[in-house]
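# Examining the three-dimensional arrangement
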Amino acid sequence: MTEASWQLSIMPHTFRCGAFDCGNALMNGALRGELLTAIREGRSRAYYVEEGGRCLGFIALRAESFELADSIDREEYALSTRTVPGVLLELIAVDLQAQRTGLGRFLLLAALLLAQRTAETVGARFLVLDSVPESIGFYTRLGFKRTVTQPSRDTVLMILDLLEAE
């Protein structure tokens, strides 16, 4: 299992994830249910990496309009409006057997590339995600910032400015 062999594939709504287990029952359930419905309805796009017919990890993205006025310094980002278009990284997960191999970083960078393409094509300012507390350091190292206001007590809202991302 090496980065050189990883290939991102688009996930069809008929996807069967088999024995995928990221260690989080909610994410495992999302992959087996609501995500596939969102793909079928055209609300989300998901991508996965597999090896030997086994899903190793996946990301799910969707276009979203964000009310970030109270969560960020609008002057810092030179925003004239309270609502901004962006890309929501709604799910990112790596199978337990593939964790600590660099696959999570590979998937996040793939999500960033897809978000940048979206920004160039139709306009989007931020890549946005809700992080579980134990993953904040991972996202921070890759350029994400915590928002000032947090809408949830269980997760941390984080943003990456697509105009600044390299």
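Everything in this summary refers to the structure shown in the same document. These numbers were taken from a predicted model, which means no experiment stands behind them. (Residues numbered from 1 in each chain as written. Predicted model: local features only at pLDDT ≥ 70, side-chain atom pairs only at ≥ 80, totals over all residues. Heavy atoms only, no water.)

In terms of regular secondary structure, the protein is built from 4 helices and 7 strands. Mapped in sequence order, the helices and strands of the protein form the string β-α-α-β-β-β-α-β-α-β-β. Counting over 166 residues, the protein shows a buried share of 43%. Summarising the internal contacts of the protein: among those between residues at least 6 apart in sequence, 65% fall at separations of at least 24. Looking at the protein as shown, the accessible area adds up to about 9,300 Å², and 49% of this sits on carbon and sulfur atoms. (Helix = DSSP H or I, 4+ residues; strand = E, 2+ residues; numbered from the N terminus. Buried < 20%, exposed > 50% of the residue type's maximum accessible area, 1.4 Å probe, protein only. Contact = heavy atoms within 4.5 Å. Areas by Shrake-Rupley, 256 points an atom, 1.4 Å probe, with all protein chains shown as cover.)

This paragraph deals with the pattern of salt bridges. Evaluation of the coordinates by the stated rule reveals 5 salt bridges. Close ionic contact of glutamate 41 with arginine 43 constitutes a salt bridge, the shortest N to O distance being 2.8 Å. Note on arginine 43: relative accessible area 44%, which makes it partly exposed. Overlapping salt bridges bring together Arg62, Glu64 and Glu90 as one network. (Salt bridge = Lys/Arg side-chain N within 4 Å of Asp/Glu carboxyl O.)

For strand β7 (residues 156-161), the tally of buried residues reaches 6 of 6 residues, placing the bulk of the element in the interior. Where burial is concerned, the two faces of β7 agree: the one with Val156, Met158 and Leu160 and the one with Leu157, Ile159 and Asp161 are both buried. In the sheet, strand β5 (residues 126-131) pairs with β7 via 6 bridges, with the strands oriented antiparallel. Bridged to phenylalanine 126 within β7 is aspartate 161. Where strand β6 (residues 145-146) meets β7, 2 bridges bridge the pair, whose relative direction is antiparallel. Counted as the bridge partner of arginine 146 is methionine 158 from β7. (Pairing = 2+ DSSP bridges.)

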